Amino acid sequence: MAKLHLLILSLLLLSTFAPPSHGANPTTQPPNTIPECLKATGGPCHSKTKSLKLKLVAIAAILVASMMGVTLPMLSRAIPALQPDKKLFVLVKAFASGVILATGYMHVLPDSFDCLTSKCLPENPWRKFPFTTFIAMLSAVLTLMVDSYAMSWYKKYGPRNENLDPKISGHFHGDGFSGIDSPTSQLRRYRVVAQVLELGIVVHSVVIGLSMGASDNLCTIRPLVAALCFHQFFEGMGLGGCILQAEYERKMKAMMVFFFSVTTPFGIALGIGLSNVYRENSPAALMVVGILDAVSAGLLNYMALVDLLAADFMGKKLQEDMKLQAVSYVAVFLGAGGMSVMAIWA
């Protein structure tokens, strides 16, 4: 898992150094490429000195919010109400799942549309074909493949009872769906879900941080700081709940918490370091960020709907308690609605 995260971060870092296509055939570029896409922006909202101070504050604030969100579900031993078999945990997870769902649909997917249909890219092929939805669709299917093959691998080659059975007696009660009935199978499932979900979060978190770090627009950064703190806190709660249910060893838990907490601050720091050479409206940046956003959107939407919401709402606990199911739907709408409102500013 750690090697996969490092590989993704390395690819993102290398992609930011891709030079803009100055040598491209001018006839393939839109007429307004040079005035609108290659000149630096200015105006009262732009200040490198003031924006740097804001970005340093954002790094600290987002790091704290991320750590608080992802570690809160893991305090279940100290707070009995947050244990996975309690109703409060179900409601918190439903709310956080709504946040993750809205992140994919209301934040990441529109950003990909903006990038891949930008006037700074050649009309052919970028505005002739809906690349965003096509890539998101492929990403969702590929996520299903990873989900499926990972479960098959765990069943055939994964750890046996010595690592799984001693931990499952107190937390799992046959709440899975799609034929996953045994506690051991559920635990394997939770572990796959936690890792695949973190993969999607890491990708879009670095992209968001990179865009923010490279920008010097105060009017954009100010509301973005608060929005990202809210986003990271509740998205962290959703991931933290999955990590808790996966019953990982302490080292693995610490590693997943670390990667989630530092990816957005890392992206901001990377953007600050590259602010003199990185232009968010250059063709290379638009293609890289747009494609990564589309991949992340498909993954997050699949994970939120299939592995989080459907698994819980079709499971035994909610199916046998209609009142809890109704309140959980309210929590989902509150989480998704709150994150959707954040789209006004970020």
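Residues numbered from 1 in each chain as written. Predicted model: local features only at pLDDT ≥ 70, side-chain atom pairs only at ≥ 80, totals over all residues. Heavy atoms only, no water.

Q: Would you mind showing me how to read the packing of aromatic side chains here?
A: To describe a pair of aromatic rings, you give the distance between the ring centres and the angle between the ring planes. Tallied over the entire structure, the rule returns 8 aromatic pairs. Relative to Phe 131, the ring of Trp 126 lies with its centre 4.9 Å away and its plane at 45°, an arrangement referred to as tilted. When its relative accessible area of 21% is taken as the criterion, Phe 131 is described as partly exposed. Taking 4.8 Å as the distance between ring centres and 55° as the angle between the ring planes, the aromatic pair formed by Phe 230 and Phe 234 counts as tilted. In this pair, Phe 230 and Phe 234 both sit in helix α9 (residues 218-246), 4 residues apart, roughly one turn of the helix. In textbook terms, an aromatic cluster arises when at least three aromatic residues are bridged by ring pairs, as seen for Phe 95, Phe 230, Phe 233 and Phe 234. (Phe/Tyr/Trp six-rings, centres within 6.5 Å; stacked < 30°, edge-to-face > 60°. Buried < 20%, exposed > 50% of the residue type's maximum accessible area, 1.4 Å probe, protein only. Helix = DSSP H or I, 4+ residues; strand = E, 2+ residues; numbered from the N terminus.)

Q: Sorry if this is basic, but what is going on with a nonpolar patch on the surface here?
A: Nonpolar side chains collect at one region of the surface, where Phe 129, Phe 134, Met 137, Leu 138, Val 141, Leu 142, Met 145 and Tyr 149 lie side by side and expose about 770 Å² of accessible area between them. Relative to the helices and strands, Tyr 149 resides in helix α6 (residues 131-157). (Patch = residues over 30% accessible without salt bridge, like charges linked within 9 Å, V, L, I, M, F, W, Y side chains within 5 Å. Areas by Shrake-Rupley, 256 points an atom, 1.4 Å probe, with all protein chains shown as cover. Salt bridge = Lys/Arg side-chain N within 4 Å of Asp/Glu carboxyl O.)

Q: What is the right way to look at the UniProt feature "transmembrane region" (unreviewed entry) in the protein in this model?
A: In this numbering, the UniProt entry assigns the feature "transmembrane region" (unreviewed entry) to residues 56-76, 88-109, 129-150, 192-212, 224-244, 256-278, 284-305 and 326-345. As a span, residues 88-109 carries 100% helix and 0% strand, and end to end its C-alpha atoms are 31 Å apart. Annotated as 91% helix and 0% strand, the span residues 129-150 places its first and last C-alpha atoms 32 Å apart. (UniProt positions renumbered as here; feature names shortened; annotations may be inferred.)

Q: Help me understand α9 in this model?
A: One full turn of an α-helix is made of 3.6 residues, so residues set three or four places apart face in the same direction. For α9, built from 29 residues, the straight-helix expectation of 42 Å at 1.5 Å per residue is met to within 8% by its first-to-last C-alpha distance of 41 Å. Helix geometry: α9 is bent most strongly at Leu 224, by close to 30°. Within α9, 23 of the 29 residues are buried, which leaves it mostly tucked inside the rest of the structure. Phi turns positive one or two residues past the end of α9, at Glu 247, with a value near 50°. (Expected span 1.5 Å × (residues − 1). Bend = angle between axes of the 7 residues up to and from the residue.)

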